[in-house]
Amino acid sequence: MAIVEINFDGIVGPSHNYSGLSLGNIASTTNKGAIAFPRAAALQGVEKMRRNLALGLNQGVFLPHPRPNREWLAALGTDPDTVPDSLRQTAFSASAMWAANAATVSPAPDTADGRCHLTVANLRTMAHRSHEWPGTLAQLEIAFADERHFAVHPPIPPTFGDEGAANHMRLGARHESPGVEVFVHGVRGGPFPARQHVEACRAIARLHGLDPDRTLFVAQSEAAIAAGAFHNDVVAVANENVLFAHEQAFEDRPDFYAALKRRLPELEIVEVPASAISLEDAIRSYLFNAQLVTLPEGVMALVVPEEARETPAVWNWLEQMVEGNGPIRRLIVVDVRQSMANGGGPACLRLRVAADPATIDPRFLVDEIRLDRISACIEAHWPEQIAPPDLADPALTQAVEKARAALCRTLELPELI
Ligand code: SUG
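For clarity, every value in this text was computed on a predicted model and none was experimentally measured.

1. Some details on the site of the ligand
So, point 1. Leu 21, Ser 22, His 128, Asp 233 and Cys 348 are the nearest of the 20 residues found near the ligand.
So, point 2. In the model, an oxygen atom of the ligand is placed 3.3 Å from a nitrogen or oxygen of the Gly 20 main chain.
So, point 3. Taking Arg 129, its side chain carries an N or O atom lying 2.8 Å from an oxygen atom of the ligand.
So, point 4. In isolation the ligand offers 480 Å² of accessible surface; the protein chains occlude 99% of this area.
So, point 5. Its residues placed into classes, the shell around the ligand shows six nonpolar, eleven polar and three charged.

This is the structure:
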């Protein structure tokens, strides 16, 4: 089979909860303390995958990580029974569901050795995400073990923060010829941390063997970070020759657009002006945290969250966009409200990898039948609801660990990863 784009979605873990752990992520802060519904959350994620499969797209999954993270707690001299309150929520977070932060991926045509390169993100800025990388690396090493086609790199040293594909865009014709890779970093974010460091971006470009002339490093605008765009994929998304972005996404927008156009003359920029949609509405509705996909019939569709339909300025703009002559012709609305309430939209939940599916460990690929098995497992084992104080209940720890073990069995994957 030929090289195709595969979206790997993080299955929402059984410990999904709202602990307000992400400073600069408005949804996470606003919903701190709310009751979470892990079973509904995971089923919403599965439904999104079903929609994408039905569109004729290729779909993969990543497992939730073991939570509470016993290994990490042991390294801190504690365990789930004795963990101090200050560490408990951090050890329980189900944040690995946001697979766009798992790794940065460069497809084979862009790299010096002609392999697809993946660098696991260190996620060092937020404590609850900083202990994801060993679990992610373990899965990527199994899924992409075929060294003839893939190179999986460990994380960049934590000196330099890296948040993976959420701050990376690959533009260009589909997977046949070299594209242009754009790395977006933060410099300042007003009251909020800038999570992606330019030195991490440069290191990844070197490790992946990218052509310096086809690699751009662009600063995210301070206004965007300060408004709550803690990752670039909250204000911009790219697919093939199309860049869909908010006017205030980038610091040096004219220079960036010109540099991109020089390297990719066929580039089409669909820019949303701030006068039509404010940064605040863009972030509340997550219209850019959409999956911009090419359907088998050749047209592009935007998979947006329900919140985009509910924000009048956003929905009016999107409807006009698809009726116009632009490259994006269809809107597909999905309900991922449980993830959205922690700041994760449709695009956060997936990692894009361009590859021949036959070169990937099939246990990470799904069709309808495997999704049926996954949803049956979720229905049977995922807790119905969790309020943050519940995390102190040993019965919940047991339930969460049992649930993950059941899913590992369902997918025939080892529990130890
Ligand atoms: O890192 N939320 C995640 C959301 C990640 C979204 N990903 C992308 N934009 N690609 C984050 O801020 C909230 C966890 C909590 O508050 O419990 C959280 O980690």
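2. Looking at the packing of aromatic side chains
So, point 1. Overall, the coordinates contain nine aromatic pairs when judged by the stated rule.
So, point 2. Taking the centre distance of 4.9 Å and the plane angle of 55 degrees together, the rings of Phe 144 and Phe 150 count as tilted. For the pair Phe 144 and Phe 150, one class covers both residues: buried.
So, point 3. The rings of Phe 8, Phe 62, Phe 144, Phe 150 and Phe 364 are connected pair by pair, giving a single aromatic cluster.
So, point 4. Over the ring of Trp 315 we find Arg 309; its NZ or CZ atom is 5.9 Å from the centre of that ring.

3. Digging into the sheet that holds strand 1 (residues 4-10)
So, point 1. Read across the sheet, three strands follow the order 2-1-15 without closing on themselves; strand pairing throughout is mixed. Bordering the open sheet on either side are strand 2 (58-62) and strand 15 (350-355), each of which pairs with just one other strand. Adjacent strand axes in the sheet meet at a mean angle of 30 degrees, parallel and antiparallel pairs treated alike.
So, point 2. Taken together, the six bridges between strand 1 and strand 15 define a ladder with antiparallel strand orientation. Among the inter-strand pairings, Asp 9 is bridged to a residue of strand 15, identified as Arg 350.
So, point 3. Packed on one face of the sheet, helix 2 (residues 38-54) meets strand 1, strand 2 and strand 15 and runs near 155 degrees to strand 2.

What counts and what doesn't
Residues numbered from 1 in each chain as written. Predicted model: local features only at pLDDT ≥ 70, side-chain atom pairs only at ≥ 80, totals over all residues. Heavy atoms only, no water. Near = heavy atom within 4 Å. Polar contact = N/O pair within 3.5 Å; in protein donor to acceptor, adjacent residues only side chain to side chain. Areas by Shrake-Rupley, 256 points an atom, 1.4 Å probe, with all protein chains shown as cover. Nonpolar A, V, L, I, M, F, W, Y, C, P; charged D, E, K, R; others polar. Phe/Tyr/Trp six-rings, centres within 6.5 Å; stacked < 30°, edge-to-face > 60°. Buried < 20%, exposed > 50% of the residue type's maximum accessible area, 1.4 Å probe, protein only. Lys NZ or Arg CZ within 6 Å of the ring centre and 35° of its normal. Pairing = 2+ DSSP bridges. Helix = DSSP H or I, 4+ residues; strand = E, 2+ residues; numbered from the N terminus. Axes fitted to C-alpha atoms, helices over the stretch in contact; angles between N-to-C directions. Contact = heavy atoms within 4.5 Å.

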